[in-house]
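If you want the building blocks of each chain, they are given just below.
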Amino acid sequence: TITLPSSENLPLTIDVKSLKSSVHSAQPCTACHSSIRKFPHPKNTANDYREFQLERSKQCQTCHKEQAKQELDSNHARALAAGNRNAAVCTDCHGSHAVGKPNYPRHTLSTSCGKCHEAIYEQYVNSAHGKSLLEIDNSDVPACTDCHGAHKQEDPTTQAFRLRSPTLCAKCHADAKRMRKYNLSVGVFDTYVADFHGLTVTLFDRKHPGQRINTAVCTDCHGIHDIQKVTDANSTVIKQNLLTTCRRCHPDATVNFPDSWIGHFPPTRDRYPLVYWVNLFYRFLIPITIGGMVLFVLIDAGGRIIRRFR
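As the structure is a prediction and not an experimental result, all values here were calculated from the model.

Q: I tried to follow the overall build of the protein on my own but got confused; where do I start?
A: What the protein contains, in helices and strands, is 16 helices and two strands. What you see for the protein is a C-alpha radius of gyration of 29 Å, clearly larger than the 19 Å of a compact globule of 310 residues, by over 25%. Oriented by its inertia axes, the alpha-carbon framework of the protein measures out at about 105 × 60 × 35 Å. By the burial criterion, 24% of the 310 residues in the protein qualify as buried. Nonlocal contacts in the protein, meaning residues at least 24 apart in sequence, comprise 52% of its contacts between residues at least 6 apart. Counting every atom, the protein has about 21,700 Å² of accessible surface; 60% of that belongs to carbon and sulfur. A gap of 8 Å separates the mean positions of the 38 positive and 28 negative side-chain charges of the protein.

Q: Would you take a moment to explain the packing of helix α7 (residues 118-125) against helix α8 (residues 128-136) for this structure?
A: The description of two helices packed together rests on the angle between their axes and the distance between the axes. It is at 6 Å that the axes of α7 and α8 come closest, and there the two elements cross at 85°. On the basis of their axis angle, the class for α7 and α8 is roughly perpendicular. Note on element contacts: α8 touches α7 through His 129, Gly 130, Lys 131, Leu 133 and Leu 134, opposite Tyr 121, Tyr 124 and Val 125. For the contact of α7 with α8, the class distribution of residues is five nonpolar, two polar and one charged.

Q: Just checking my understanding: could you explain the pattern of salt bridges for this structure?
A: Once their charged atoms are close, side chains differing in charge can pair, the charge on each being opposite to the other. Here the structure, examined in full by the defined rule, presents twelve salt bridges. When salt bridges with common partners are traced through the structure, they connect Asp 140, Asp 175, Arg 178 and Lys 181 into a single cluster.

Q: Would you mind showing me how to read a nonpolar patch on the surface here?
A: Taken together, the side chains of Leu 274, Val 278, Phe 281, Tyr 282, Leu 285, Ile 286, Ile 290, Val 294 and Leu 298 define a hydrophobic patch exposed on the protein surface, amounting to about 860 Å² of accessible area. Considering the arrangement of structural elements, one finds Ile 290 in helix α16 (residues 273-309). Ile 290 gets classed as partly exposed once you look at its relative accessible area, which sits at 48%.

Q: Quick question: what am I supposed to make of the environment of Ile 262 here?
A: Position of Ile 262 relative to the elements: it lies in the loop between α15 (239-246) and α16. Taking relative accessible area as the criterion, Ile 262 reaches 22% and is therefore assigned partly exposed. Excluding residues within four positions of it along the chain, Ile 262 makes contact with Pro 267, Arg 271, Tyr 272 and Val 275.

Q: Would you mind showing me how to read the side chain of Asp 92 here?
A: Tracing the backbone shows Asp 92 in helix α5 (residues 90-94). For Asp 92, a relative accessible area of 19% gives the class buried. Of the polar contacts made by the side chain of Asp 92, one reaches the side chain of Arg 50; its length is 2.9 Å. Apart from residues lying up to four places away in sequence, Asp 92 is in contact with Arg 50, Gln 53, Ala 87 and Lys 115.

Q: I tried to follow the packing of helix α10 (residues 159-173) against helix α13 (residues 196-207) on my own but got confused; where do I start?
A: Contact geometry for α10 and α13: axes closest at 9 Å, N-to-C directions at 120°. As the angle between them shows, α10 and α13 are arranged oblique. As α10 packs across α13, the resulting crossing turns out to be left-handed. For the pair formed by α10 and α13, the contact residues are Leu 163, Arg 164 and Pro 166 on the first element and Val 201, Phe 204 and Asp 205 on the second. The residue inventory of the contact of α10 with α13, partitioned by class, reads four nonpolar, no polar and two charged.

Q: Honestly, unusual backbone geometry in this entry has me stumped. Any pointers?
A: Among all residues except glycine, the phi angle is most often negative; among peptide bonds, the trans geometry is most common. At the junction of Phe 39 and Pro 40, the peptide bond is cis and its omega measures out at 0° in the coordinates. Inspection of the secondary structure assignment puts Pro 40 in the loop between α1 (16-20) and α2 (49-57). Cis geometry marks the peptide bond from Tyr 104 to Pro 105; its omega dihedral reads -10°. Residue position: Pro 105 is located in the loop between α5 and α6 (108-114).

Q: Would you take a moment to explain α13 for this structure?
A: An α-helix turns once per 3.6 residues; consequently, residues spaced three or four apart project the same way. Helix length check: α13 (twelve residues) gives 17 Å between terminal C-alpha atoms against 16 Å at 1.5 Å per residue, within 8%. Inspection of α13 places Gly 198, Thr 200 and Val 201 among the buried residues, and these make up the whole buried set. Along α13, the residues classed as buried sweep out an arc of 165° about the axis, all on the same side. α13 presents Phe 196, Arg 206 and Lys 207 as exposed residues on the side facing more than 90 degrees away from its buried surface. Those residues of α13 that are buried are in contact with α10 and α12 (188-194).

Here is what the cut-offs are and how they apply
Residues numbered from 1 in each chain as written. Predicted model: local features only at pLDDT ≥ 70, side-chain atom pairs only at ≥ 80, totals over all residues. Heavy atoms only, no water. Helix = DSSP H or I, 4+ residues; strand = E, 2+ residues; numbered from the N terminus. Rg over C-alpha atoms; globule rule 2.2 N^0.38 Å. Buried < 20%, exposed > 50% of the residue type's maximum accessible area, 1.4 Å probe, protein only. Contact = heavy atoms within 4.5 Å. Areas by Shrake-Rupley, 256 points an atom, 1.4 Å probe, with all protein chains shown as cover. Lys, Arg positive; Asp, Glu negative; His and termini not counted. Charge placed at Lys NZ, Arg CZ, Asp CG, Glu CD. Axes fitted to C-alpha atoms, helices over the stretch in contact; angles between N-to-C directions. Parallel < 35°, antiparallel > 145°, perpendicular 65-115°, else oblique. Nonpolar A, V, L, I, M, F, W, Y, C, P; charged D, E, K, R; others polar. Salt bridge = Lys/Arg side-chain N within 4 Å of Asp/Glu carboxyl O. Patch = residues over 30% accessible without salt bridge, like charges linked within 9 Å, V, L, I, M, F, W, Y side chains within 5 Å. Polar contact = N/O pair within 3.5 Å; in protein donor to acceptor, adjacent residues only side chain to side chain. Left-handed = near helix turned anticlockwise from the far one by under 90°. Expected span 1.5 Å × (residues − 1). Arc of directions from axis to C-beta.

Here is the structure:
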C-alpha cells in the first residue's frame, strides 16, 4: 500500500482471479493505466482515496465514449459538478478490476444502486418488484435502471418526470404477453388514460410538461419503490386501504367514495354490469344519433337543391 496525504491507505495489490474473470480480462493493464509506462511510476496526485477514484474513472471514456457522453447529462454528473464528491462515477457501479457484465445476474443492476441509495433500496427489496427480482432474478420485473436509466438518469423529483411516469409503468403493464403470465390486467394504462386523472395528466404532459399539477399518477396510489401486490394486506390500493389512499388528495372523501372507481379492469357483464350496459347503450346510441342527424341534413340539403333547380 501507499499512504495518501489524507492518511488513507491505497492498496497496490489486486485479486488476479477476479481480474481474469472480468469482462476486461483480455485487456492489458496499461489500457486503463495509460500514464504508467515505466518504473518508477508517475507520482500520485490524489489527496485522498475518493479523489483517486474520481481521477481513475475518467479513463473509462477512452473506450466507452457513447456511455460517457450520456453520463455527462445524468443526475449523477450534475450532482458531481455541484460539488457532491459522493455522486456515482463509473467505477462505483461497475467496479474497477472485477468488472462483470452489468446485467448478469440481473439483480446486480439494483444492488449496485443500493450501495448509495440505501433507504430507497430497503423499500425496493421489500416491494413486489424487488422480492421477485432478488429471490428468483425475474426478468419481467423492473430493476432500478428500467425506470431511472443507466448512464443518463433524469431528475425524478421534477414535475416533467412525474407527468411522464405513467408511460414508464406502461412499458410493462401494457405488455399483453407479460401480463398474461401473472393474470394481471393489460388495460391498466388505457383505463388510466381514459379516466379523469389520466386524461388530465396526459394533456398536461403534452401542453405544459413543466407545470405543477396535483392530479394522481400511478405512483401516488400504488407507491414508488415500495409497491406491493394488490392482494397484499399492506397494499395501498387494497379495498381496506383504498379510502386512506384517496384521502391523500381528497381529504373530505366519504366511506363510499372509493366505490365510484371500478379499477383498471374494463367493466363486463359479470364485473360492474350496470356500467357495462350503460357503456354499450351509448356505444350504439351516439353513432346512431349523430349518423341520423347527418343523414337528415344530407336529405334536407339534397331536397332543397332539387327543389331550387326545379
